[in-house]
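Residues per chain, in single letters:
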Amino acid sequence: MQANVVTPDGSVFEAQVEMVSVKTTEGELGILPMHLPLVTPLTIGAVRIKKDSKVQLIAVSGGFMEVRPDEVNILAESAELPSDIDISRARAAKERAERRLEQAKKDHVDFRRAELALKRAINRIDVAGGGGR
Ligand code: ATP
């Protein structure tokens, strides 16, 4: 099946693939060819695409996935291949978000913003393999 990952800045990935695995708001979801049509929101997380028996990771910050029998379209707010991730920038964003979380009150809108920024940063560090794990 064809897999396409698109952001407001343009296309990040397009190829014939064997499987696409994403993090939806309901949990992990793996898509094989001939899956039933579906549209689902995505959370911040790694998209795993199996292509030529190898796994391609993509860091995605929310958006939607549309599944058709022969095509998966991921429309993401942002999406980066591991090689496009600036790990120092993600580490700086993580530290900034952690500082803000310590300062912000729990019910404050800034807390939620900082929490999301922290999740984006950790996701990028994980996908880029920079987490030291
Ligand atoms: P930052 O605080 O570092 O800007 P952010 O999570 O607020 O991080 P986003 O708003 O999600 O950033 O993304 C803005 C743009 O910058 C997107 O095009 C995204 O792909 C890109 N981007 C963000 N962080 C990184 C990174 N660490 N490496 C490469 N591209 C990044």
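The rules we used
Residues numbered from 1 in each chain as written. Predicted model: local features only at pLDDT ≥ 70, side-chain atom pairs only at ≥ 80, totals over all residues. Heavy atoms only, no water. Core = buried A, V, L, I, M, F, W, Y, C linked by side-chain atoms within 4.5 Å. Buried < 20%, exposed > 50% of the residue type's maximum accessible area, 1.4 Å probe, protein only. Helix = DSSP H or I, 4+ residues; strand = E, 2+ residues; numbered from the N terminus. Contact = heavy atoms within 4.5 Å. Domains from an automatic or database assignment. Salt bridge = Lys/Arg side-chain N within 4 Å of Asp/Glu carboxyl O. Polar contact = N/O pair within 3.5 Å; in protein donor to acceptor, adjacent residues only side chain to side chain. Nonpolar A, V, L, I, M, F, W, Y, C, P; charged D, E, K, R; others polar. Axes fitted to C-alpha atoms, helices over the stretch in contact; angles between N-to-C directions. Parallel < 35°, antiparallel > 145°, perpendicular 65-115°, else oblique. Left-handed = near helix turned anticlockwise from the far one by under 90°. Near = heavy atom within 4 Å. Areas by Shrake-Rupley, 256 points an atom, 1.4 Å probe, with all protein chains shown as cover.

Colleague: Outline the nonpolar core, listing residues and values.
Modeller: Counting 21 residues, the largest nonpolar core has Val 20, Ile 58 and Ile 74 as its most contacted members. For this core, the secondary structure elements donating two or more residues are strand E1 (2-7), strand E2 (10-16), strand E3 (19-24), strand E5 (38-51), strand E6 (54-68) and strand E7 (71-76). The dominant element in this core, judged by the number of residues it contributes, is E6, at four residues. Each residue touching Ile 74, except ones within four places of it in the same chain, is listed here: Asn 4, Val 5, Val 6, Val 20, Val 22, Leu 42, Val 47, Phe 64 and Met 65. Counting six residues, the second-largest nonpolar core is a separate cluster that includes Ala 97, Ala 104, Phe 111 and Leu 118.

Colleague: I'd like a description of the domain arrangement of the chain, backed by residues and values.
Modeller: Looking at the chain, the domain boundaries give domain 1 (2-82) and domain 2 (87-127). At the boundary of domain 1 with domain 2, the tally comes to one salt bridge. The partner of Arg 124 in a salt bridge is Glu 80, and the shortest N-O contact between them spans 2.8 Å. In this assembly, domain 1 and domain 2 are joined by five residue pairs in polar contact (both at pLDDT 80 or more). Elements that contribute at least two residues to the side of domain 1 that touches domain 2 include exactly E5 and E6. Of all the elements, E6 adds the most residues to the side of domain 1 that touches domain 2, at five residues. Grouping the constituent residues of the side of domain 1 that touches domain 2 by class yields seven nonpolar, three polar and one charged.

Colleague: I'd love a proper account of the packing of helix H1 (residues 87-103) against helix H2 (residues 109-127), names of residues and values included.
Modeller: H2 packs onto H1 with a crossing angle of 155 degrees between their chain directions and a minimal axis gap of 8 Å. With respect to each other, H1 and H2 are oriented roughly antiparallel. Read as a crossing pair, H1 and H2 show a hand that is left-handed. The segment H1 lies against H2, with Ala 90, Arg 91, Ala 93, Lys 94, Ala 97, Glu 98, Arg 100 and Leu 101 engaging Phe 111, Ala 114, Glu 115, Ala 117, Leu 118, Ala 121, Ile 122, Arg 124 and Ile 125.

Colleague: Outline the site of the ligand, listing residues and values.
Modeller: Neighbouring the ligand are Asp 9, Ser 78, Glu 80, Asp 84, Ile 85, Asp 86, Arg 89, Ala 90, Ala 93, Arg 96, Arg 120 and Arg 124. A distance of 3.3 Å is found between an oxygen atom of the ligand and a side-chain nitrogen or oxygen belonging to Asp 9. For the ligand, whose free accessible area comes to 590 Å², the fraction covered by protein is 67%. Those elements that provide at least two residues to the shell around the ligand are H1 and H2. Tallying contributions element by element places H1 first for the shell around the ligand, with four residues. Residues belonging to the shell around the ligand are distributed by class as follows: three nonpolar, one polar and eight charged. Structurally, the shell around the ligand is a two-domain feature, drawing no fewer than three residues from each of domain 1 (2-82) and domain 2 (87-127).

Colleague: For unusual backbone geometry, give the residues involved together with the corresponding values.
Modeller: Backbone geometry places Met 34, a non-glycine residue, at a positive phi of 70 degrees. Locating Met 34 in the fold gives a position in the loop between strand E4 (27-31) and E5. In the Ramachandran plot, Asp 52 falls in the positive-phi region, its phi being about 50 degrees despite a non-glycine side chain. The topology assignment puts Asp 52 in the loop between E5 and E6.

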